[in-house]
Amino acid sequence: MKSNDKDDLTQHLARKADIEKELYRLTPMCPYCDRKMKQCIANRSGKPFWGCPVFPHCSGFRGMRPRGAHRRRRLRAELAEVMRRIAETTTGGPDPADDT
Ligand SMILES: [Zn+2]
């Protein structure tokens, strides 16, 4: 492992924690039972919405705002990228592409 790989890894792990915190923050609570909700897809329309994690015991749901859904999609994509970099750093895989 090169000496600066360790610094990169520290940065990637910090970024990963930030993204996970942000995703958690963007997840609403169930209006009935106060649990963190999970993203569901409506059978009929195929549209995403927030459902209660203990459905059918609790029927709480919330609509999902398109802007919030877009932001979460971007954060998930960034999280995947950070995870890929962490894997590369820890396994000594190929260097990240230099795309400058
Ligand atoms: Zn609930």
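Residues numbered from 1 in each chain as written. Predicted model: local features only at pLDDT ≥ 70, side-chain atom pairs only at ≥ 80, totals over all residues.

A. Highlighting the overall build of the protein chain. Counting its regular elements, the protein chain contains 2 helices and 3 strands. Helices (α) and strands (β) of the protein chain occur, in sequence order from the N terminus, as α-β-β-β-α. A total of 100 residues make up the protein chain; the buried ones form 8% of that total. (Helix = DSSP H or I, 4+ residues; strand = E, 2+ residues; numbered from the N terminus. Buried ≥ 20, exposed ≤ 12 C-beta atoms within 10 Å, placed from the backbone.)

B. Region of interest: the sheet that holds strand β1 (residues 38-41). One open sheet accounts for 3 strands, arranged β1-β2-β3; its pairing is antiparallel. The open sheet terminates on both sides in strands that have one partner only, identified here as β1 and β3 (61-63). Strand after strand, the sheet turns through a mean of 40° between neighbouring axes, direction not considered. Examined bridge by bridge, β1 and strand β2 (residues 48-51) share 4 bridges and lie antiparallel to one another. Within β2, the position partnered with K38 by the bridge is G51. (Pairing = 2+ DSSP bridges. Axes fitted to C-alpha atoms, helices over the stretch in contact; angles between N-to-C directions.)

C. Examining the pairing of β2 more closely. Taking the residues that link successive antiparallel strands as the turn, the β1-β2 hairpin has 6 residues, and the phi of G46 there is positive, at about 75°. Looking at chain direction, β2 and β3 are connected through 3 bridges and run antiparallel. In the sheet register, W50 faces β3, and the bridge partner there is R62.

D. Highlighting the environment of M83. Locating M83 in the fold gives a position in helix α2 (residues 66-91). Judged by the 13 C-beta atoms lying within 10 Å of it, M83 falls in the partly exposed class. C-alpha separation for the pair M83 and L13, spaced 70 residues apart in sequence, amounts to 8.5 Å.

E. Region of interest: the confidence of the model for the protein chain. Per-residue confidence for the protein chain gives a mean pLDDT of 89; residues scoring 70 or more make up 88%. The spread of mean pLDDT over the elements of the protein chain runs between β1, the lowest at 91, and β3, the highest at 93. (pLDDT = per-residue confidence, 0-100.)

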